[in-house]
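Chain by chain, the residues:
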Amino acid sequence: MHQITRNFFRRNQRQPIPISGMASTSSNVNSTDDTSALSIKPKNGLSRSTSLLNITESAAQILIQQNPVQGTDDHVEKLSEASTSLSLPEQHSNDKKIESLASQSTDQFEQGCGNNGKLPDVVVKDNDTRKASFKLSWRVEGEQSEQHKHDIISLTWASHPMTVLIFTKLKSPPVDLVCEDMVRWLKDYKNLEIYVEPRVRKYLLEKSPYFEFVHTWRDGDDTEITLLHKEVDFVVTLGGDGTVLWAASKFKGPVPPVVPFSLGSLGFMTRFESERYKETLDSILKGPINITLRHRLLCRVIKYPAKSSDDETEDYTLVLNEVTIDRGESAYLTFLNCFCDGSFLTSVQGDGLILSTTSGSTAYSLAAGGSMVHPQVPGILFTPICPHSLSFRPLIMPEHVKIRVEVPRKSRSHAWASFDGKGRIELKLGDALEISMAPWPVPTACLENSTTDFFNSIHEGLHWNLRKAQNFDGPTDLN
Ligand SMILES: NC(=O)c1ccc[n+]([C@@H]2O[C@H](COP(=O)([O-])OP(=O)(O)OC[C@H]3O[C@@H](n4cnc5c(N)ncnc54)[C@H](O)[C@@H]3O)[C@@H](O)[C@H]2O)c1
Ligand SMILES: Nc1ncnc2c1ncn2[C@@H]1O[C@H](COP(=O)(O)OP(=O)(O)OP(=O)(O)O)[C@@H](O)[C@H]1O
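The rules we used
- Residues numbered from 1 in each chain as written.
- Chains lettered and ligands numbered in written order.
- Predicted model: local features only at pLDDT ≥ 70, side-chain atom pairs only at ≥ 80, totals over all residues.
- Heavy atoms only, no water.
- UniProt positions renumbered as here; feature names shortened; annotations may be inferred.
- Near = heavy atom within 4 Å.
- Polar contact = N/O pair within 3.5 Å; in protein donor to acceptor, adjacent residues only side chain to side chain.
- Helix = DSSP H or I, 4+ residues; strand = E, 2+ residues; numbered from the N terminus.
- Nonpolar A, V, L, I, M, F, W, Y, C, P; charged D, E, K, R; others polar.
- Domains from an automatic or database assignment.
- Areas by Shrake-Rupley, 256 points an atom, 1.4 Å probe, with all protein chains shown as cover.
- Core = buried A, V, L, I, M, F, W, Y, C linked by side-chain atoms within 4.5 Å.
- Buried < 20%, exposed > 50% of the residue type's maximum accessible area, 1.4 Å probe, protein only.
- Contact = heavy atoms within 4.5 Å.
- Salt bridge = Lys/Arg side-chain N within 4 Å of Asp/Glu carboxyl O.
- Buried area = accessible area lost by both parts, 1.4 Å probe.
- pLDDT = per-residue confidence, 0-100.
- Pairing = 2+ DSSP bridges.
- Arc of directions from axis to C-beta.

Under an unreviewed UniProt entry, the protein chain has the name NAD(+) kinase and belongs to Cannabis sativa. Listed under Catalytic activity (unreviewed entry) in UniProt, the entry text for the protein chain is "NAD(+) + ATP = ADP + NADP(+) + H(+)".

Encoded structure:
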């Protein structure tokens, strides 16, 4: 289970984050972390070499916070959970065990993926890359006072970030101008290495040969893109929510921290004002940064007839919002059979089904009647689209389940799947889609903290529960 988020809501267990004895853990892991991990035999469908590479990279992203103030084993365990958004097996409750766990992290990961997409328990910096390393820590604010309590995940740079990747919304002249200005500033005043998409580099060079220093990759070269996370310390998005989804989709494994600037229309996930980018990036570069660890879903399409080798060969797609299975152009009801962890759950007869993350709960799932869920809650939303039934209410599943949705062989029509509203593919009779929680969340920087940002977004973006207040006069029960 993703303990970090589970613990978020266990009020009675909140503790200030403590940590002692973790230095040896990190160094121990560093010394044992080598690329031999790449030769681990796959068991779970994430068997492509890039996936295994990414697994190692995943283990390269995060450092454990070290804090000499308190040091009970219990605290160490909680920190590990918080630091990685990973699960700690029950038995790992002291430093020694965490050390040994860390040294097996890739093994753990592999099992985790096979089971429920779990991550390794302790993650460390990969010495082979130029990347800056960071630490994640979890703390509670407001514990000592009457004020509202907040669980905070914060990111502290352990070494100075040097490389930034900027994604920009397509075909938007105002966004292009901000990008141009930001690139100049980041180079001239912060001396960062800067990556942009190929079309953006072309645009910048048309503006001025000054931008020669900007890096990119070969247009359409997916291999180069999959290696980007090895170079990039953090990502900036200039656009709306769609640009955040677009940026996340470029990382088929671990994702660097994302700083989303608002230059779109709704901007539910983009809390930073582009007009104040200098101030924002200054503080991001210094850290610490409060973040929301946004879960993703790992989706695999199993074509009919399934081959025994499917687990080894099928590709996968990661979504930050949701995967949708709908009727496409067909005028018939979609008929879908749904299974949870191998047991039959229900059939969908309607326009389709949305399997959403909690981040995606405020997007399409909301429009289909699903509940809004705080993005830090670990769970998978199961939301029917226009079900032709009076009793089909949306569900929220625990994060460890594996859901399979099949188009029955006897269905009247095919179905269509889309991933964060993109990459539409046809599901023919007998085809299935399997989803589980992905092991690579997207860490997005918060303006304040995860909870305050979420509340502000539902108020400002969606006008949640906006209603004229009741007048004071009129009948009352007071006298
Ligand atoms: N009926 C609907 O509400 C509907 C239909 C199709 C797609 N969508 C959503 O659009 C998303 C793709 O976004 P896009 O910007 O590329 O397409 P888009 O340009 O069609 O915009 C969809 C809208 O959804 C908003 N949105 C996206 N993610 C959100 C989130 N997590 N929370 C709150 N609002 C969010 C965007 O701000 C935008 O206003 C899909 O993942 C899906 O959730 C919604
Ligand atoms: N760099 C990019 N390359 C390709 N497509 C992109 C890129 N950035 C954004 N898009 C797509 O362009 C569309 C519009 O972008 P975006 O959603 O960011 O702007 P918006 O619709 O104005 O804002 P919002 O989503 O907040 O309403 C989205 O569907 C998104 O997926």
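1. Concerning the site of ligand 1
Taken together, 16 residues are adjacent to ligand 1, and Asp241, Asn321, Glu322, Thr362 and Ala363 come closest. Between Gly242 and ligand 1, the recorded distance is 3.4 Å, taken from a backbone N or O atom to an oxygen atom. The separation between a nitrogen atom of ligand 1 and a polar side-chain atom of Asn321 is 2.9 Å. At the level of elements, helix H10 (241–249) and helix H13 (364–367) are the ones that each hand at least two residues to the shell around ligand 1. No other element matches the three residues that H10 contributes to the shell around ligand 1. For the shell around ligand 1, the per-class residue count stands at seven nonpolar, five polar and four charged. Taken domain by domain, the makeup of the shell around ligand 1 includes at least three residues from each of domain 1 (163–287) and domain 2 (297–440).

2. Examining the site of ligand 2
Neighbouring ligand 2 are 16 residues, the closest being Thr168, Lys169, Gly240, Thr243 and Ser265. In the model, a nitrogen atom of ligand 2 is placed 2.8 Å from a nitrogen or oxygen of the Thr168 main chain. Gly267 has a polar backbone atom sitting 2.9 Å from an oxygen atom of ligand 2. Burial of ligand 2 by the protein amounts to 75% of the accessible area it has alone, namely 610 Å². Here the shell around ligand 2 takes four residues from H10, the largest share from any one element. Of the residues in the shell around ligand 2, the class split is three nonpolar, eight polar and five charged.

3. Let's talk about the nonpolar core
Of all hydrophobic cores here, the largest spans 38 residues; its most connected members are Ile166, Phe234, Val236, Leu238 and Leu281. The element that contributes the greatest number of residues to this core is helix H7 (residues 173–188), accounting for seven residues. If we ignore the near neighbours within four places in the chain, the residues touching Ile166 are Cys179, Met182, Val183, Leu186, Ile194, Tyr195, Val196, Glu197, Val236 and Leu238. Val301, Ile380, Ile403 and Val405 belong to the second largest nonpolar core, which has 27 residues in total.

4. Notes on the pattern of salt bridges
All told, the structure shown has 18 salt bridges when counted by the stated rule. The partner of Asp282 in a salt bridge is Lys190, with the nearest N and O atoms 2.5 Å apart. Of this pair, Asp282 sits in helix H11 (residues 277–286) while Lys190 sits in the loop between H7 and strand S5 (193–196), and the two are 92 residues apart along the sequence. Judged by relative accessible area, Asp282 falls into the partly exposed class, the value being 24%. Owing to a relative accessible area of 26%, Lys190 belongs among the partly exposed residues under this scheme. The salt bridge involving Arg201 is made with Glu212; its shortest N-O contact spans 3.2 Å. Here Glu212 lies in the loop between helix H8 (198–207) and helix H9 (222–226) and Arg201 lies in helix H8, a separation of eleven residues in the sequence. On the basis of relative accessibility, which here comes to 18%, the residue Arg201 falls in the buried class.

5. Notes on the domain arrangement of the protein chain
Split by domain assignment, the protein chain resolves into domain 1 (163–287) and domain 2 (297–440). Distance from the C-alpha centre of domain 1 to the C-alpha centre of domain 2: 31 Å. Taken together, the contact pairs ten residues of domain 1 with nine residues of domain 2. Summing the contributions of domain 1 and of domain 2, the shared interface buries around 820 Å²; its carbon and sulfur component is 67%. Among the residues of domain 1 in contact with domain 2, Leu245, Lys252 and Phe268 are the three that bury the most area, contributing 57% of the side total. Scanning the region where domain 1 abuts domain 2 turns up one salt bridge. A salt bridge links Lys252 to Asp315, with the nearest nitrogen and oxygen atoms 3.1 Å apart. Of the residues belonging to the side of domain 1 that touches domain 2, the class tally is eight nonpolar, one polar and one charged.

6. Re H10
Because an α-helix completes one turn every 3.6 residues, residues spaced three or four positions apart along the sequence face the same direction. Turning to H10, its buried residues are Asp241, Thr243, Val244, Leu245, Ala247 and Ala248. Packing partners of the buried residues in H10 comprise strand S4 (163–168), strand S6 (234–239), strand S7 (258–262) and strand S21 (442–445).

7. Concerning the confidence of the model for the protein chain
The predicted coordinates ought not to be read in detail in places where the model reports low pLDDT. Per-residue confidence for the protein chain averages 77 on the pLDDT scale, and 70% of its residues sit at or above 70. Considering only residues more than four positions removed or in separate chains, one finds that residues 1–128, a stretch of pLDDT under 50, has 273 contacts. Of the two predicted TM-score estimates for the complex, the pTM is 0.80 and the ipTM is 0.95.

8. Considerations on unusual backbone geometry
Cis geometry is adopted by the peptide bond preceding Pro288, which originates at Gly287 and carries an omega value of -10°. Structurally, Pro288 can be placed in the loop between H11 and strand S9 (289–294). In this structure, Pro305 follows Tyr304 across a cis peptide bond, with omega equal to -5°. For Pro305, the position within the fold is in the loop between strand S10 (297–302) and helix H12 (310–313). A positive phi angle, close to 50°, is found at Lys171, a residue other than glycine. Assignment of secondary structure puts Lys171 in the loop between S4 and H7.

9. Details of the pairing of S21
With burial as the criterion, each face of S21 is covered, one bearing Val442 and Thr444 and the other bearing Pro443 and Ala445. In this structure, S9 lies alongside S21, joined through four bridges in antiparallel fashion. Directly across from Thr292, in S21, lies its bridge partner Thr444.

10. Here's the deal with the environment of Lys250
Along the chain, Lys250 turns up in the loop between H10 and S7. You can call Lys250 partly exposed: its relative accessible area is 21%.

11. Section: H11
What H11 keeps buried is the set Tyr277, Thr280, Leu281, Ile284 and Leu285. End-on, the buried residues of H11 take up no more than an arc of 130°, which puts them together on one face. Backbone geometry just downstream of H11 places Gly287 in the positive-phi region, at approximately 70°.

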